[in-house]
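# Structural features, examined
Chain residues, written in single-letter form:
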Amino acid sequence: MRRSIFGFLFVSILVVGCMGDNGGLKMKYYKKRCSSVSVETTVRDIVWRKVSANPAMAAKLLRLHYHDCFVRGCDGSILLDPVQNSTTEKTAGPNRSVSGYDVIDEIKTTLESDCPGIVSCADILALAARDAVSFQFQKQMWPVFTGRKDGPVSLASEVGVNLPSAGANFTTLVTQFGNKGAHTIGTSRCVLVARRLYNFTGVGDADPSLNVTYANELRKICPNPQIPTTTLEMDPNSSLSFDSDYYQALNQHKGLFVSDAALLTNPQSTHITQVLQNPKVFFAQFARSMVRMGAIEVLTDVHGEVRTNCRVVNKQ
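Criteria and thresholds
Residues numbered from 1 in each chain as written. Predicted model: local features only at pLDDT ≥ 70, side-chain atom pairs only at ≥ 80, totals over all residues. Heavy atoms only, no water. Helix = DSSP H or I, 4+ residues; strand = E, 2+ residues; numbered from the N terminus. Buried < 20%, exposed > 50% of the residue type's maximum accessible area, 1.4 Å probe, protein only. Contact = heavy atoms within 4.5 Å. Areas by Shrake-Rupley, 256 points an atom, 1.4 Å probe, with all protein chains shown as cover. Phe/Tyr/Trp six-rings, centres within 6.5 Å; stacked < 30°, edge-to-face > 60°. Lys NZ or Arg CZ within 6 Å of the ring centre and 35° of its normal. Salt bridge = Lys/Arg side-chain N within 4 Å of Asp/Glu carboxyl O. Disulfide = S-S within 2.5 Å. pLDDT = per-residue confidence, 0-100. Expected span 1.5 Å × (residues − 1). Axes fitted to C-alpha atoms, helices over the stretch in contact; angles between N-to-C directions. Left-handed = near helix turned anticlockwise from the far one by under 90°. Nonpolar A, V, L, I, M, F, W, Y, C, P; charged D, E, K, R; others polar. Polar contact = N/O pair within 3.5 Å; in protein donor to acceptor, adjacent residues only side chain to side chain.

### A word on the overall build of the protein
In terms of regular secondary structure, the protein is built from 12 helices and two strands. Along its sequence from the N terminus, the protein presents helices and strands in the succession α-α-α-α-α-α-β-α-α-β-α-α-α-α. Within the span of the protein, comprising 316 residues, buried residues form 52% of the whole. Sequence-distant contacts, at least 24 apart, represent 78% of the contacts inside the protein between residues at least 6 apart. Just so you have it, the protein exposes about 13600 Å², and 53% of that area is on carbon and sulfur atoms.

### Some remarks on the packing of aromatic side chains
This structure, assessed with the given rule, holds nine aromatic pairs. What links up through ring pairs into an aromatic cluster is the set F137, W142, Y246, Y247, F282, F283 and F286. Here the basic side chain of R33 rests over the ring of Y29, its NZ or CZ set 3.8 Å away from the ring centre. Between the NZ or CZ atom of R195 and the centre of the ring of F200, over which it lies, the distance is 5.3 Å.

### A word on unusual backbone geometry
Residue P225 is reached from N224 by a cis peptide bond, and omega for that bond is 0°. Along the polypeptide, P225 turns up in the loop between α8 (212-221) and β2 (231-233). Even without a glycine there, the phi angle at K28 is positive, about 55°. Along the chain, the position of K28 falls in the loop between α1 (8-15) and α2 (39-53).

### Some details on the pattern of salt bridges
This structure, assessed with the given rule, holds 11 salt bridges. Notably, a salt bridge pairs R49 with E106, separated by 2.9 Å at the nearest N-O pair. Here E106 lies in helix α4 (residues 101-114) and R49 lies in helix α2, a separation of 57 residues in the sequence. Under the relative-accessibility criterion, E106 is labelled partly exposed at 26%. Here D123 and R148 are joined by a salt bridge, their closest N and O atoms 2.7 Å apart. With a gap of 25 residues between them, D123 in helix α5 (residues 121-134) and R148 in the loop between α5 and α6 (170-177) connect regions that are remote in the sequence. Here the salt bridges do not stand alone but share partners, grouping D81, K90, D105 and R311 into one network.

### Side note on the state of the cysteines
In the structure shown here, the tally under the stated rule is four disulfides. Note on cysteine connectivity: C34 is disulfide-linked to C115, with sulfurs 1.9 Å apart. Taking the sign of the S-S torsion, -80° for the link of C34 and C115, the bridge is left-handed. In this pair, C34 sits in the loop between α1 and α2 while C115 sits in the loop between α4 and α5, placing the two residues 81 residues apart along the sequence.

### Focus on the confidence of the model for the protein
With 84% of its residues at a pLDDT of at least 70, the protein reaches an overall mean of 85. At the level of individual helices and strands, the protein shows its lowest average pLDDT in α1, which scores 44, and its highest in α2, which scores 98. Throughout residues 1-20 the model reports pLDDT below 50, and contacts reaching past four residues in sequence, or to other chains, amount to 91 contacts. Within the model, the stretch residues 179-183 combines pLDDT values under 50 with 30 contacts to residues more than four positions away or in other chains.

### Let's talk about α2
Given a rise of 1.5 Å per residue, 15 residues ought to cover 21 Å, and the 22 Å separating the end C-alpha atoms of α2 matches this to within 8%. For α2, the full list of buried residues reads V39, T42, V43, I46, V47, W48 and V51. The secondary structure elements touched by the buried residues of α2 are α3 (57-69), α4 and α5.

### Some points on the packing of α2 against α4
Geometrically, a packed helix pair is captured by the angle between its two axes and the distance between the axes. Following both chains from N to C, one finds α2 and α4 inclined at 145°, their axes separated by 10 Å at the closest point. Along this stretch, α2 crosses α4, giving a crossing that reads as right-handed. Across the interface between the two elements, V39, T42, V43, I46, V47, R49 and K50 of α2 pack against V103, E106, I107, T110 and L111 of α4. Of the residues belonging to the contact of α2 with α4, the class tally is seven nonpolar, two polar and three charged.

### Looking at the packing of α3 against α5
Orientation of α3 relative to α5, taken along the N-to-C sense of each, is 145°, at an axis distance of 8 Å. Once α3 is placed against α5, the crossing between them reads as left-handed. Contacts between α3 and α5 involve A58, L61, L62, L64, H65 and D68 from the first element and L125, A126, A128, A129, A132 and V133 from the second. Residue classes in the contact of α3 with α5 are distributed as 10 nonpolar, one polar and one charged.

### Observations regarding helix α12 (residues 279-294)
With 16 residues, α12 should cover 22 Å at 1.5 Å per step; its first-to-last C-alpha distance of 22 Å lies within 8% of that length. Within the span of α12, buried status applies to F282, F286, A287, S289, M290, V291, R292, M293 and G294. Where α12 begins, the side chain of N278 points an oxygen toward the backbone nitrogen of K280, at a separation of 2.9 Å.

Dropping the structure here:
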């Protein structure tokens, strides 16, 4: 299931107003370190091939980067498999539906062959997310600074307290997203919106803030009782496209989750959601937000490691 993170672009603008520094990351970090191959081109070519074959992969790779950065920063810790009965981020409830790991594995295998021990899994995640979104436009949609190292620690217990829920209110969103980033493509599952459609206050009612027509459409897709495997678009009629349609739908009270509707409960955030309906403004601000998110709590230089296999820490 996908959590509602459409709104954290506006929070980045609301709380901080500007991009901030890049956490010690650099442009063209691998140019001299991997002189025999272009790291950026290798990642782009693999990701574009995957997204071309399966457009839904764009949202999966973007989500993978987001879920990584929100827990321990952008350190590739979400990629670690559980070992000796330990529970890693990958095994936590909010991450059990996360996918795209096979694409990261393929990129890592290719780069290890061409430039062994140099390119971190954390950087691959950041580049893959950018390239997944960029495929639609056939150009880079934001710069990716590189030089991240991979973190050796991954704990399932840290996921729930760091990832926002679909039912988060405005205050929670500001707190959790204040230093993070955003996306506007993907799908969710009916079980996440069932309460909002059928029992919002516990008396068999719907959320009054939800557009009535949209609510009726959702009920047709998600009849009661819920079928756990039924999916629906997070961004109505635009779940495979990266665009500003989410904010247009939101201002028509067609935000899928309670956390979407929460963006209209504050005057300043309401104004920002209206401004972001303009595609030019949206794309510019989204790019800034993604650069900012990619620098969250990064490990650089002697901190962390460069895994040879993204799923396991290196042997000491």
